[in-house]
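The residues making up each chain are set out below.
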Amino acid sequence: MWLPIAILPFLVIAFGARLAPWVFMWLLSFALFFGLKWLVLMRAREKIADSNSRSFAFLFAWPGMDAETFLDVRQTPPPPSLATWACAITETIVGTVLLWGIARLIPPANLLARGWVGMLGLILLLHFGSFQVISLFWQSHGLKADPIMVAPLRSTSLSEFWGRRWNLGFRQLAHELVFRPIYRRLGPETAGLLVFAVSGIIHDLVISLPARAGYGLPTLYFLIQGGGVSIERSQFGKRIGLGRGVRGWCFMMLSLVVPLFGLFHPWFVMRVILPFMKAIHAL
């Protein structure tokens with residue numbers, strides 16, 4: 001069960017020095033992704049009798065991590081609306097335009113800005129666009145495939161952003177593999193901080209390791225997020241309203257945006273993102 005996640009990333013890392021940084025990043029990302037998907041799939045199949053075809057679809061044609069829900073034939077969602085389809089397609093188009101259109105219009109002297117626009121386009125194209133389209137496709141065929149992103153900027157707290165709206169595939173995975181096994185022994189606050197720490201380490205692997213610089217900055221970013229959630233849930237945070245309304249939204253945006261250059265640090269943009277954009281003819 002644990003063999004793919006134990007072997008695949010280490011194989012990629014072993015050959016990483018021979019690869020272009022952007023190739024190294026994608027291979028390592030896919031190795032971690034499929035290793036973890038295999039793990040949650042095998043755990044789910046111990047509980048749910050499933051056809052091989054649905055397991056194959058979960059492993060190779062769905063980016064989510066909630067294997068039990070996806071495999072459960074008893075869960076049949078309603079068909080998605082045309083408005084939802086239109087929104088997903090629009091976000092895919094906007095991401096494509098940003099990545100292959102707007103980024104190349106930025107003067108070459110502003111390379112960091114080019115890279116950031118390209119990253120924004122890639123995030124919209126994948127996480128908000130293509131992944132949403134895949135979710136709607138499976139829903140229209142009667143499979144429970146909840147969206148990865150659920151309007152994250154509508155969050156009114158940092159807890160809501162990370163817990164119920166941003167990258168729910170990873171949230172499901174972290175909850176099952178990290179939070180649940182330890183929260184009774186260490187308490188929910190410590191378990192939550194460990195989830196953010198693990199997320200930071202994973203991002204360091206796929207961001208700093210291929211860039212060969214900036215080590216620890218992505219981990220620090222997620223530790224800041226964990227600290228922000230702790231402040232928000234403290235008596236002080238509750239008293240001044242950091243977990244709700246306009247104050248909650250402002251505190252969330254401050255926590256997310258101010259340290260963002262530590263997550264996607266300049267070495268990653270210059271050594272990984274820009275060469276990748278050149279390779280796909282986005283520059």
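For the structure itself, look to the data block above.
Small disclaimer: the values here were computed from a predicted structure and weren't measured.

Positive charge collects at one region of the surface, where R164, R171, R233 and K238 lie side by side. R233 gets classed as exposed once you look at its relative accessible area, which sits at 53%.

Using the criterion set out here, one finds four salt bridges in the structure. As a salt-bridge pair, D72 and R74 come within 2.9 Å of each other at their nearest N and O atoms.

F58, F70, W162 and F268 are the most contacted members of the largest nonpolar core, which has 57 residues in total. The greatest single-element share of this core, amounting to nine residues, is contributed by helix α2 (residues 21-45). If we skip the residues at most four places from it in the chain, W162 touches R171, F196, Y221, F222, Q225 and L256.

This part covers the side chain of K37. Along the chain, the position of K37 falls in helix α2. Among buried Asp, Glu, Lys and Arg side chains, K37 stands out as unpaired, with D66 the closest opposite charge at 10 Å. Looking at K37, its side chain comes within polar contact range of the main-chain oxygen of W62, at 2.7 Å. When residues no more than four places from it in sequence are discounted, the contact partners of K37 are F58, L59, W62, P63, G64 and M65.

Residues other than glycine seldom take positive phi values, yet A151 does so here, at roughly 45°. Here A151 is to be found in the loop between α6 (111-140) and α7 (158-165). Phi is positive for R212, which is not a glycine, with a value near 60°. One can find R212 in the loop between α9 (188-211) and α10 (217-233). On the basis of relative accessibility, which here comes to 38%, the residue R212 falls in the partly exposed class.

What follows is about the packing of aromatic side chains. This structure, assessed with the given rule, holds 21 aromatic pairs. With 6.0 Å between their ring centres and 85° between their planes, W116 and F264 make a pair best called edge-to-face. Of the two residues, W116 sits in helix α6 while F264 sits in the loop between α13 (260-263) and α14 (266-279), which places them 148 residues apart along the sequence. We note K37 situated over the ring of F58; from NZ or CZ to the ring centre the distance is 3.7 Å.

On to the packing of α2 against helix α3 (residues 52-61). Look at α2 against α3: their axes get within 9 Å of each other, and the N-to-C directions meet at 150°. In terms of orientation, α2 lies roughly antiparallel with respect to α3. Our pair here, α2 against α3, has a crossing hand that is right-handed. Residues F34, K37, W38, V40, L41 and R45 of α2 form the contact with α3, whose own contacting residues are N52, S55, F58, L59 and F60.

What follows concerns the environment of V97. With respect to the helices and strands, V97 occurs in helix α5 (residues 82-105). On the basis of relative accessibility, which here comes to 43%, the residue V97 falls in the partly exposed class. C-alpha separation for the pair V97 and G121, spaced 24 residues apart in sequence, amounts to 7.3 Å.

Its location among the elements puts S55 in helix α3. Among the residues examined, S55 registers a relative accessible area of 4% and is labelled buried. Separated by 3.2 Å, the side chains of S55 and R45 make a polar contact.

Turning our eyes to something else, we now look at the packing of α5 against α6. As a packed pair, α5 and α6 sit with axes 7 Å apart at the nearest point and diverge in direction by 155°. With respect to their mutual orientation, α5 and α6 come out roughly antiparallel. Crossing of α5 over α6 shows left-handed handedness. Along the lines of polarity and charge, the residues of the contact of α5 with α6 split into 18 nonpolar, ten polar and three charged.

Two residues of an α-helix separated by three or four positions point the same way, owing to the 3.6 residues in each turn. Here α9 is 24 residues long and its end C-alpha atoms lie 34 Å apart, about the 34 Å a rise of 1.5 Å per residue gives. Along α9, the helix axis deviates most sharply at D204, where the bend reaches about 35°. Every buried residue of α9 is listed here: A191, V195, F196, A197, S199, G200, D204, V206, I207, S208, P210 and A211. Looking at the buried positions of α9, the neighbouring elements they touch are α2, α7, α8 (168-186), α10, α13 and α14. Downstream of α9 by one or two residues, R212 has phi in the positive range, about 60°.

The rules behind these values
Residues numbered from 1 in each chain as written. Predicted model: local features only at pLDDT ≥ 70, side-chain atom pairs only at ≥ 80, totals over all residues. Heavy atoms only, no water. Patch = residues over 30% accessible without salt bridge, like charges linked within 9 Å, V, L, I, M, F, W, Y side chains within 5 Å. Areas by Shrake-Rupley, 256 points an atom, 1.4 Å probe, with all protein chains shown as cover. Salt bridge = Lys/Arg side-chain N within 4 Å of Asp/Glu carboxyl O. Lys, Arg positive; Asp, Glu negative; His and termini not counted. Charge placed at Lys NZ, Arg CZ, Asp CG, Glu CD. Buried < 20%, exposed > 50% of the residue type's maximum accessible area, 1.4 Å probe, protein only. Core = buried A, V, L, I, M, F, W, Y, C linked by side-chain atoms within 4.5 Å. Helix = DSSP H or I, 4+ residues; strand = E, 2+ residues; numbered from the N terminus. Contact = heavy atoms within 4.5 Å. Polar contact = N/O pair within 3.5 Å; in protein donor to acceptor, adjacent residues only side chain to side chain. Phe/Tyr/Trp six-rings, centres within 6.5 Å; stacked < 30°, edge-to-face > 60°. Lys NZ or Arg CZ within 6 Å of the ring centre and 35° of its normal. Axes fitted to C-alpha atoms, helices over the stretch in contact; angles between N-to-C directions. Parallel < 35°, antiparallel > 145°, perpendicular 65-115°, else oblique. Left-handed = near helix turned anticlockwise from the far one by under 90°. Nonpolar A, V, L, I, M, F, W, Y, C, P; charged D, E, K, R; others polar. Expected span 1.5 Å × (residues − 1). Bend = angle between axes of the 7 residues up to and from the residue.

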